[in-house]
Amino acid sequence: MSIQSEQSVKAELGVVDIGVIGGGIVGLATARTLQDRFPDAQIALLEAEKEVARHQSGHNSGVLHSGIYYKPGSQKAALCRRGKTLMETFCQQHQIPWDRCGKVIVATTPGELDQLDKIAQRGRENGVSFEQIDSVALRELEPSAAGISALHVPETGIVNYAQVCRHLAELIKADGTTVRMQFEVSEITRTGNTLRLVSNKGDSIQCRHLINCGGLHSDRIYRQCIADASGEANSIRIVPFRGEYYELTDQAKGLCRNLIYPVPDPSFPFLGVHFTRMIDGGVECGPNAVFALSRSGYRWTDINLRDTLESLSYPGFQSLAKKHWRKGLGEIHRSLSKRAFVKALQKLIPEIRGRDLKPGRAGVRAQAIDADGNLIDDFLFKQTPGAIHVLSAPSPAATASLAIAETIVDRFAEQEGW
C-alpha cells in the first residue's frame, strides 16, 4: 500500500503520522518544515488557544536578532545566524513588512566597558557585522542616547512575529496540515505504535510520532511521555517570568530612532530594559522580568495556584531565588513603581520623563530551570520514544524559528528513521 493510500485510511480513523503540539512560531515553523521535507505525511498541529501566537510568539518585541550576544559554538549562536537569514527571506517572499534598522548596545559607565568588549569578541566569533563607536558617533545614530562607548549592529532588524505566525498557519492549512484550535492536551497515552492525545474537552487524536513545541507547557507534556516521573522528567521545569512594557507617547517617539540596548548583566539571562522601535512605528520601553503567578500571567492579578505552587516547590527555583533574590526584588520594584521604571530607562535616555510613557503590553517567558537552579539559557531538545520535545526556546527563538525547525526535523528523521 502506498503512503498516500495509508494516510487516507488513517485520517478516517483519526490517526495521523505526526502530531505537532503548539501554535507558536516554533510549532508552526516545524509543521511547515515537515510539510516541505515529507510532503506525503499526514500532519496535525494542535493549539490550546483560539488562534495562533497567543503567548510568547505574539508578545515579544519583534526583533530580528543578529546573534552578537550568544556564546560562540552554542545552538543559540548558530541557529540565530541561520534563522535570521531564513526569516528575512521568508518575509521578503511573502511580503511581510520587516526592516533591517540596526541597534546600538550602549555602555554608560567605565565598569561596563569590559563586558562590552566581551560582547564584541563574541560578535566577531559569530560572524556578526558591527562597529565599535564612541559617544560622538553614538549621538549621530541616536541623539538622545547617553553612553561613553557602544556597539553599532546594523544588521539587527524588526518584524511582527504574530503576522509571521498567521501567515505560516495559512500556508500549512493550505498545504493539507490539519490545524485544531482549542485543543489543550491534558493526557497522553501510548498504545502500540501510536500516541493518543486527549484534550481537556475530551477530544482525541492519535499520532505515530509527536513533536512537542508546547512552550510554557512543554515540560508538562514531556513528563507525560516519560515513565520515570521522579528522575529525568523532573530534571527540567518551566518557570514563567513576565516582562512588562511601556510605550513612548507620540510626542516622545523622537527620543529613539531605532533600537537602544544596555550592556546586559552576564549573570542574568535577561537583556535589561531597552528601547525598541516596532514595525508599526511605535517605540516600546522594557521589559522588566518578574516571577509570574500563572503560566498565562500577564498581570499581577492573573493567578493560577497550580502553576504558582509548582514553581515555588521546585528545588531548582528555590535555589535560583536564593542566588538572585536582590535582583528579583529590583525587578518587582520596577513593576510596581513607574518612577523606578523611568529611572532605569534614564540610564540610556536621560531626558525621558514619566509623562513620555504610556502603559504597554506584557509577555510571559517560558524560562527552563534545572533541578540545581541553573537557568537553561540555550535551546534544549529532549527525545522520548516516538517524540521530540523542545524544552527551552528562549530569545532569540523567534528569530531562529525556521532554523530551529530544521534542527527538529533533522532529529526527527534520524530518530524515527524517516
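Okay, so let's go over this structure. Fair warning: this is a prediction, and the values are worked out from it, not measured in the lab.

## Quick word on empty space enclosed by the protein
Then, in step 1: This structure, assessed with the given rule, holds one cavity of 30 Å³ or more.
Then, in step 2: Volume-wise, the largest cavity comes out at about 40 Å³.
Then, in step 3: Around the largest cavity, the lining residues are His 65, Ser 66, Gly 67, Ile 68, Tyr 69, Lys 103 and Thr 156.
Then, in step 4: Taken together, the residues of the lining of the largest cavity sort by class into two nonpolar, four polar and one charged.

## Thoughts on the packing of helix α9 (residues 315-336) against helix α10 (residues 338-346)
Then, in step 1: Contact geometry of α9 with α10 gives a least axis separation of 5 Å together with a crossing angle of 110°. Comparing their axes, α10 and α9 come out roughly perpendicular. With respect to the hand of their crossing, α9 and α10 are arranged in left-handed fashion. Packed against α9, whose contacting residues are His 333, Arg 334 and Leu 336, the element α10 presents Lys 338, Ala 340, Phe 341 and Ala 344 at the interface.
Then, in step 2: In terms of residue class, the contact of α9 with α10 is built from four nonpolar, one polar and two charged.

## Points about the pattern of salt bridges
Then, in step 1: Taken as a whole, this structure holds 23 salt bridges when the rule is applied.
Then, in step 2: A salt bridge links Glu 88 to Arg 100, with the shortest nitrogen-to-oxygen separation between them at 3.0 Å. Of this pair, Glu 88 sits in helix α3 (residues 75-93) while Arg 100 sits in the loop between β4 (98-99) and β5 (103-107), and the two are twelve residues apart along the sequence.
Then, in step 3: On the basis of relative accessibility, which here comes to 45%, the residue Arg 100 falls in the partly exposed class.
Then, in step 4: In the salt-bridge network here, residues are joined through shared partners; they are Asp 219, Arg 220, Arg 223, Arg 237, Arg 295, Arg 306, Asp 307 and Glu 310.

## With respect to the nonpolar core
Then, in step 1: In this structure, Ile 25, Leu 34, Val 164, Ile 404 and Ile 408 are the most contacted members of the largest nonpolar core, which totals 46 residues.
Then, in step 2: In terms of residue count, the dominant contributor to this core is helix α11 (residues 397-416) (eleven residues).
Then, in step 3: Setting aside its immediate chain neighbours within four residues, Leu 34 contacts Ile 18, Val 20, Pro 39, Ile 43, Ile 211, Val 409 and Phe 412.
Then, in step 4: Counting residues in each nonpolar core, the second largest holds 24 residues, with Val 104, Val 106, Cys 285 and Ile 352 among its members.

## So, the sheet that holds strand β3 (residues 63-64)
Then, in step 1: Across the sheet, which stays open at both edges, the three strands sit in the order β3-β8-β4 with antiparallel pairing between neighbours. Looking at which strands have only one partner, the edges of the open sheet turn out to be β3 and β4.
Then, in step 2: When β4 meets strand β8 (residues 157-159), the two strands line up antiparallel, connected through two bridges. Residue pairing across strands places Asp 99 opposite Ile 158, the latter belonging to β8.

## Looking at the packing of aromatic side chains
Then, in step 1: All told, the structure shown has six aromatic pairs when counted by the stated rule.
Then, in step 2: Arranged with centres 6.2 Å apart and planes meeting at 55°, the rings of Tyr 69 and Tyr 70 form a pair that is tilted. Just as Tyr 69 is buried, Tyr 70 falls in that class too.
Then, in step 3: Consider the rings of Tyr 246 and Phe 341, whose centres lie 5.0 Å apart with planes at 70°: the pair is edge-to-face. You can see Tyr 246 sitting in strand β13 (residues 236-248) and its partner Phe 341 sitting in helix α10, a full 95 residues away along the chain.
Then, in step 4: Owing to a relative accessible area of 15%, Tyr 246 belongs among the buried residues under this scheme.

## A look at the side chain of His 389
Then, in step 1: With respect to the helices and strands, the residue His 389 is situated in strand β20 (residues 387-392).
Then, in step 2: Under the relative-accessibility criterion, His 389 is labelled buried at 0%.
Then, in step 3: Only 2.8 Å separates the side chain of His 389 from the side chain of Thr 384, close enough to count as a polar contact.
Then, in step 4: Every residue in contact with His 389, bar those within four places of it in the chain, is listed here: Asn 212, Ile 221, Tyr 222, Cys 225, Leu 380, Phe 381, Lys 382, Gln 383 and Thr 384.

## With respect to the environment of Ala 340
Then, in step 1: Structurally, Ala 340 can be placed in helix α10.
Then, in step 2: Put simply, Ala 340 and Gly 330 are ten residues apart on the chain and 9.0 Å apart in space, counted from C-alpha to C-alpha.
Then, in step 3: If we ignore the near neighbours within four places in the chain, the residues touching Ala 340 are His 333 and Arg 334.

Calculation rules
- Residues numbered from 1 in each chain as written.
- Predicted model: local features only at pLDDT ≥ 70, side-chain atom pairs only at ≥ 80, totals over all residues.
- Heavy atoms only, no water.
- 1 Å grid on protein atoms, 1.4 Å probe; cavity = no way out; pocket = protein on both sides within 12 Å on 5 of 7 lines; lining within 4 Å.
- Points joined across faces, edges and corners; volume = space filled by probe spheres on them.
- Nonpolar A, V, L, I, M, F, W, Y, C, P; charged D, E, K, R; others polar.
- Axes fitted to C-alpha atoms, helices over the stretch in contact; angles between N-to-C directions.
- Helix = DSSP H or I, 4+ residues; strand = E, 2+ residues; numbered from the N terminus.
- Parallel < 35°, antiparallel > 145°, perpendicular 65-115°, else oblique.
- Left-handed = near helix turned anticlockwise from the far one by under 90°.
- Contact = heavy atoms within 4.5 Å.
- Salt bridge = Lys/Arg side-chain N within 4 Å of Asp/Glu carboxyl O.
- Buried < 20%, exposed > 50% of the residue type's maximum accessible area, 1.4 Å probe, protein only.
- Core = buried A, V, L, I, M, F, W, Y, C linked by side-chain atoms within 4.5 Å.
- Pairing = 2+ DSSP bridges.
- Phe/Tyr/Trp six-rings, centres within 6.5 Å; stacked < 30°, edge-to-face > 60°.
- Polar contact = N/O pair within 3.5 Å; in protein donor to acceptor, adjacent residues only side chain to side chain.

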